[in-house]
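Each chain is listed here by its residues.
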Amino acid sequence: MTEYKDYDALAQNINLGDITSSEHNANILRRLRDDDPDWNKTLYILEDEIDGDIDEFIVGAGDDLGWLGYFIGRSEELEALRVLYLPEEREQVDAFMRGITCNQSIQDLSIKTDLGDQELENLGYFLGKNTALAHLRFVNCHVGRECAHNIAMALEQC
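In every chain, residue numbers begin from 1 and rise along the written sequence. This being a predicted model, a pLDDT of at least 70 is required before a residue's local features are given, and a value of 80 or more before pairs of side-chain atoms are given or counted; all residues contribute to the totals for chains, interfaces and linings. Excluding hydrogens and water, the side-chain values take into account all heavy atoms of the structure.

Peer 1: Looking at this structure, I do not really get unusual backbone geometry. What am I missing?
Peer 2: Most peptide bonds are trans, and most residues other than glycine sit at a negative phi. A positive phi angle is found at D35, which is not glycine, with a value near 45°. Strands here are runs of E lasting at least two residues and helices are runs of H or I lasting at least four, both read from the DSSP assignment and numbered beginning at the N terminus. Take D35: it is sitting in the loop between helix 2 (23–33) and strand 1 (42–46).

Below, the structure written as structure tokens:
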């Protein structure tokens, strides 16, 4: 996995096919990277395809979630993020969450998967920095008392 500090230097020249499991996912990274204004501005992160739409990033072997998080974090067009699945590899999920903390355009965030303590801490950073967020949903996921408290404290600062 690429070191976080290297993403900026590599972003424009990286072969998106080398960091994704499919051409479909590479196209999503391209839209995020290039801030494609014609995209529908919503992204679903899934384990399995729902409708086959262009906004469904299906996580598979070969997907570098650090890059996905990086491009989400840099996007100025993405307005809604629906995280319905994240793999069990904590390193991948940590890199993903570090990336999205930089995003300033997401207005609607829905999480329907369990996050670990580190990921919830990163989510707290996101909540503290993103002034556009209007809707936050946790659906069927476990948030412990301490994590809930940290999220509430981050929301209080918004």
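Peer 1: Help me understand a negative patch on the surface in this model?
Peer 2: Residues E47, D48, E49, D51 and D53 make up a contiguous surface patch of negative charge. Relative to the helices and strands, E49 is located in the loop between strand 1 and strand 2 (56–58). To count toward a patch, a residue needs a relative accessible area over 30% and no salt bridge; like charges are then connected within 9 Å, while nonpolar side chains (Val, Leu, Ile, Met, Phe, Trp, Tyr) are connected within 5 Å. Calculation of accessible area relied on Shrake-Rupley with a 1.4 Å probe; when residues are assessed, cover is drawn exclusively from the protein chains displayed. One side-chain nitrogen of Lys or Arg within 4 Å of one carboxyl oxygen of Asp or Glu is enough to make a salt bridge. Only four residue types enter the charge count, namely Lys and Arg as positive and Asp and Glu as negative; His and the chain termini do not. Each charge is placed at NZ for Lys, CZ for Arg, CG for Asp and CD for Glu.

Peer 1: Would you mind going over the nonpolar core with me for this structure?
Peer 2: Across soluble globular proteins, nonpolar side chains show a tendency to be buried alongside one another. Ranked by size, the top nonpolar core spans 36 residues in total, and within it L32, L43, I45, L68, I72, F96 and L123 carry the most contacts. Mapped by element, the contributors of at least two residues to this core are helix 2, strand 1, helix 3 (65–74), strand 3 (80–83), helix 4 (90–100), strand 4 (108–111) and helix 5 (117–129). The biggest single contributor to this core is helix 3, with 6 residues. The residues contacting L123, other than those within four sequence positions of it, are M97, L109, I111, L115, F138 and I151. In this text, buried Ala, Val, Leu, Ile, Met, Phe, Trp, Tyr and Cys residues form a nonpolar core when linked through side-chain atoms within 4.5 Å. Between buried and exposed lies partly exposed: a residue is buried under 20% and exposed over 50% of the maximum accessible area for its type, with that area taken using a 1.4 Å probe on protein chains only. Contacts are assigned to residue pairs that have any heavy atoms within 4.5 Å of one another.

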